[in-house]
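# Breakdown of the fold
One-letter residues, chain by chain:
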Amino acid sequence: MQLSGHSKRLILLAEDDIDDQELLENAIEEIDPTWRLVCIPNGRKFVKYLDNMEDGDIPALMILDYNIPELTGVEVVKELNDQGRFTDIPKIIWSTSTSPVFKAKSIELGVKDYITKPNDLASFLTTARYMLSFIKE
């Protein structure tokens, strides 16, 4: 069954750290292997990837690293906020930084949450479950 407006089983991740990509991908796969995680290593490519998607194929969730190359996670969210087709898709910023300023900037832009990246595998599972909870099914 296809939900209107997004591809029910697609999550886009803007992340340039291979280890974080793999850990999150493994955690999501362990929770629910029907989800497909597509990783894009920088903000500009992330926006371009979305711009080239058909409306029915847009993701159910977007996870963006705060400090990715070319466009930061918050800069990507700013661009997406200007495009109405991505308004209803939950967006999460994650980062190694615990900066309250980064978190405040992210929340002001309407992201669902700002999450500090976990340090161990068990925490990745907990974080992935939490991220998946924002998906409207």
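Residues numbered from 1 in each chain as written. Predicted model: local features only at pLDDT ≥ 70, side-chain atom pairs only at ≥ 80, totals over all residues. Heavy atoms only, no water.

### Observations concerning the nonpolar core
We apply this condition: To qualify as a nonpolar core, a set must consist of buried Ala, Val, Leu, Ile, Met, Phe, Trp, Tyr and Cys residues joined through side-chain atoms within 4.5 Å. Using a 1.4 Å probe on the protein chains alone, a residue whose accessible area is under 20% of its type maximum counts as buried, one over 50% counts as exposed, and one in between counts as partly exposed. A helix here means a DSSP run of H or I that spans at least four residues, while a strand means a run of E at least two residues long, and both kinds are numbered starting from the N terminus. The criterion used for residue contact is that any of the two residues' heavy atoms lie within 4.5 Å.
Judged by nonpolar contacts, the single largest core of 24 residues is most densely connected at Leu12, Phe46, Leu50, Met62, Leu64 and Ile93. Looking at this core, the elements that each hand over two or more residues are β1 (10-14), β2 (36-40), α2 (43-51), β3 (61-65) and α3 (73-81). Broken down by element, the residue count for this core peaks at four residues, all from α3. Filtering out sequence-adjacent residues up to four positions away, leucine 12 remains in contact with Val38, Ile40, Phe46, Tyr49, Leu50, Met53, Pro59, Leu61, Met62 and Ile63. With 20 residues, the next largest nonpolar core counts Ala27, Trp35, Ala60 and Leu61 among its residues.

### Topic: a negative patch on the surface
Which entries qualify depends on this criterion: Residues form patches when they are more than 30% accessible in relative terms and have no salt bridge. Like charges link within 9 Å. Nonpolar side chains (Val, Leu, Ile, Met, Phe, Trp, Tyr) link within 5 Å. Note on areas: Shrake-Rupley, 1.4 Å probe, and residue coverage restricted to the protein chains presented here. Here, a salt bridge means any Lys or Arg side-chain nitrogen found within 4 Å of an Asp or Glu carboxyl oxygen. Note on charges: Lys and Arg go in the positive column, Asp and Glu in the negative column, and His and the chain ends are not counted at all. Lys charges are placed at NZ, Arg charges at CZ, Asp charges at CG and Glu charges at CD.
Taken together, the side chains of Asp16, Asp17, Asp19, Glu22, Glu25, Glu29 and Glu30 make up a negatively charged region of the molecular surface. Among the secondary structure elements, glutamate 30 is positioned in helix α1 (residues 18-31).

### Overview of the UniProt feature "domain: Response regulatory" (unreviewed entry) in the chain
Put simply, the rule is: UniProt positions are given in the numbering used here, feature names are shortened, and annotations may be inferred rather than shown by experiment.
What UniProt calls "domain: Response regulatory" (unreviewed entry) maps, in this numbering, to residues 10-132. The annotated region residues 10-132 carries 43% helix and 20% strand content, and the separation between its end C-alpha atoms amounts to 11 Å.

### Considerations on the sheet that holds strand β4 (residues 91-95)
Applied cut-off: Strands are treated as partners if at least two bridges between them are detected by DSSP. Helix axes are fitted only over the stretch in contact, all axes being lines through C-alpha atoms; the angle between N-to-C directions runs from 0 to 180 degrees.
Read from one edge to the other, the open sheet built from five strands follows the order β2-β1-β3-β4-β5, with strand pairing classed as parallel. In this open sheet, the two strands that pair with only one neighbour each are β2 and β5 (113-116). Across the sheet, the axes of successive neighbouring strands diverge by a mean angle of 20°, strand direction being ignored. As paired elements, β1 and β3 share four bridges and run parallel to each other. Bridge pairing in β3 links alanine 14 to leucine 64.

### Details of the packing of α1 against helix α5 (residues 121-132)
Here is the rule we go by: Our angle categories are set so that under 35 degrees counts as roughly parallel, over 145 as roughly antiparallel, 65 to 115 as roughly perpendicular, and the remainder as oblique. Each crossing gets its handedness from the near helix: less than a right angle anticlockwise from the far helix is left-handed, clockwise is right-handed. Put simply, Ala, Val, Leu, Ile, Met, Phe, Trp, Tyr, Cys and Pro go in the nonpolar bin, Asp, Glu, Lys and Arg in the charged bin, and everything else, Gly too, in the polar bin.
Where α1 contacts α5, the two axes come as close as 9 Å, and the packing angle between them is 65°. Put simply, α1 runs roughly perpendicular to α5. Along this stretch, α1 crosses α5, giving a crossing that reads as right-handed. From α1, Asp20, Leu23, Leu24, Ala27, Ile28, Glu30 and Ile31 reach across to α5, where they touch Leu121, Phe124, Leu125, Ala128, Arg129, Met131 and Leu132. Considering only residue class, the contact of α1 with α5 consists of 11 nonpolar, no polar and three charged.

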